[in-house]
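The chain contents come next:
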Amino acid sequence: MKILLLGANGQLGQELNRTLPALGEVMACSHAEVDITDQYSVIEVIHNFKPQVIVNAAAYTAVDQAESERNMAFRVNAEATGILAKEAARHDIWLIHYSTDYVFDGFKPRPYTEADSPGPINIYGESKLAGEEIIAGSGCHYLIFRTTWVIGKDGNNFAKTILRLATEKDSLSIINDQFGVPTSPALIARVTINAIEAIAIARHWPVGLYHLAPHGETTWYGIAKTLLQFAEEAQFPLTAGESSLQPIKTADYPTPAKRPANSRLDTSKLEQQLPFTLPHWQYDFFVAAEDIIKSYKRA
Ligand SMILES: NC(=O)c1ccc[n+]([C@@H]2O[C@H](COP(=O)([O-])OP(=O)(O)OC[C@H]3O[C@@H](n4cnc5c(N)ncnc54)[C@H](OP(=O)(O)O)[C@@H]3O)[C@@H](O)[C@H]2O)c1
């Protein structure tokens with residue numbers, strides 16, 4: 001099995017780069033090695049490596065910056081995704097791609113299913129939705145995993161920011177009215193590996209869109225509280241402990257991009273394909289938080 005991994009230096013890309021080699025030969029390309037907006041670079045790497053699967057972890061993910069960089073967000077998340085999908089269709093290669101809960105407006109009072117109509121409320125969400133639509137219309141064999149609030153030990157993320165701020169400030173105010181769950185890159189990689197195994201061996205994983213997130217629900221405040229509890233237990237030197245966290249409303253923390261109030265994803269469609277049950281977010285997050293705390297202690 002030959003797998004081409006794109007965006008290999010991102011938060012998810014680094015986890016996939018560690019885990020995908022269990023399945024076969026992986027060519028892992030960072031942004032510097034293959035820019036997915038460069039059609040010739042994409043054609044060349046596919047021509048030379050001849051992968052059976054492309055795993056695309058490359059994306060424009062600067063949610064707030066996208067509000068002033070619409071062209072760039074669409075170039076990477078929509079047009080470049082189209083280049084990958086076209087080449088995948090041409091050479092009968094499976095394309096595995098990741099998308100986001102930010103394709104929804106967040107007004108639904110229950111978790112979103114794959115059948116719910118998207119309605120992004122920010123540019124990043126619009127660009128990711130455009131990418132999904134291009135893939136679905138390309139005729140390639142594809143799996144799109146829509147995931148949410150990715151938090152792991154690599155790259156930048158909410159948990160790392162909180163841990164840093166909790167060593168600099170006396171108290172932290174965190175949003176408590178956006179509902180969702182953190183998803184670890186390790187869980188996304190585990191699902192991806194399972195999917196590739198199913199594609200390669202049994203070819204029984206139906207093409208399409210799947211929601212991928214742990215069970216349960218929390219808020220950014222809930223994640224910060226859990227993280228700082230772990231940090232205190234690990235005797236991490238904090239200036240703002242768990243008891244100093246203040247819950248605030250989205251309206252109290254204006255950002256350039258709007259965020260959906262409900263980011264919860266219904267994962268039953270995915271779980272019908274998986275030989276395991278997705279974990280509760282606290283167990284999934286526990287492992288990621290432990291790694292983040294350890295890496296901070298070492299730094
Ligand atoms: N992070 C989240 O909370 C979250 C939530 C839901 C869904 N997702 C989705 O999950 C996937 C992985 O996200 P992530 O958290 O791993 O993001 P990330 O850490 O920002 O990684 C994205 C990677 O893509 C690379 N990249 C950007 N433009 C590129 C281009 N033109 N060609 C090649 N590579 C390019 C980036 O390189 P540079 O840094 O050098 O530009 C970076 O290494 C994305 O599809 C994202 O939309 C993420």
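The coordinates are above.
(A) Local environment of the overall build of the chain. The number of helices and strands found in the chain is nine helices and ten strands. For a compact globule of 299 residues, the expected C-alpha radius of gyration is about 19 Å, and the chain comes in at 19 Å, within 12% of that figure. Considering only residue pairs separated by 6 or more positions, the chain has 80% of its internal contacts joining residues 24 or more positions apart.

(B) Inspection of the site of the ligand at higher detail. As a structural note, the neighbourhood of the ligand is formed by 26 residues, with Gly7, Gly10, Leu12, Ala58 and Ala59 the closest of them. When residues in the shell around the ligand are grouped by element, the largest group, three residues, is from helix H1 (residues 11-19). For the shell around the ligand, a count of residues per class yields twelve nonpolar, twelve polar and two charged.

(C) Broad picture of the pairing of strand S3 (residues 53-56). What you see with S3 is no split at all: Val53 and Val55 on one side and Ile54 and Asn56 on the other are buried throughout. One ladder, built from four bridges, connects strand S1 (residues 2-6) with S3; its direction is parallel. Its bridge partner being in S3, leucine 5 is matched across the sheet by valine 55. Bridging between S3 and strand S4 (residues 94-100) involves four bridges; their strand directions are parallel. Note that in S4 the partner of isoleucine 54 across the bridge is leucine 95.

(D) Region of interest: the sheet that holds strand S8 (residues 208-211). Taken in spatial order, the six strands of this open sheet run S2-S1-S3-S4-S5-S8, and their pairing is parallel. Both outer strands of the open sheet, strand S2 (25-29) and S8, are each paired with one neighbouring strand and no more. Ignoring strand direction, the axes of neighbouring strands in this sheet form an average angle of 20°. Of the strands in this sheet, S1 and S2 touch helix H2 (residues 39-49), which is tilted by about 160° from S1. Across the face of the sheet, helix H3 (residues 70-91) comes into contact with S3, S4 and strand S5 (142-147) while running at roughly 155° to S4.

(E) Structural context of the nonpolar core. Counting 84 residues, the largest nonpolar core has Leu5, Leu6, Ile54, Val55, Ala57, Leu95 and Leu227 as its most contacted members. Ranked by residue count, the leading element in this core is H3, at eight residues. For leucine 227, the contacting residues outside a window of four places in its chain are Ala159, Ile162, Leu163 and Ala289.

What counts and how
Residues numbered from 1 in each chain as written. Predicted model: local features only at pLDDT ≥ 70, side-chain atom pairs only at ≥ 80, totals over all residues. Helix = DSSP H or I, 4+ residues; strand = E, 2+ residues; numbered from the N terminus. Rg over C-alpha atoms; globule rule 2.2 N^0.38 Å. Contact = placed C-beta atoms within 7 Å. Near = placed C-beta within 6 Å. Nonpolar A, V, L, I, M, F, W, Y, C, P; charged D, E, K, R; others polar. Buried ≥ 20, exposed ≤ 12 C-beta atoms within 10 Å, placed from the backbone. Pairing = 2+ DSSP bridges. Axes fitted to C-alpha atoms, helices over the stretch in contact; angles between N-to-C directions. Core = buried A, V, L, I, M, F, W, Y, C linked by C-beta atoms within 7 Å.

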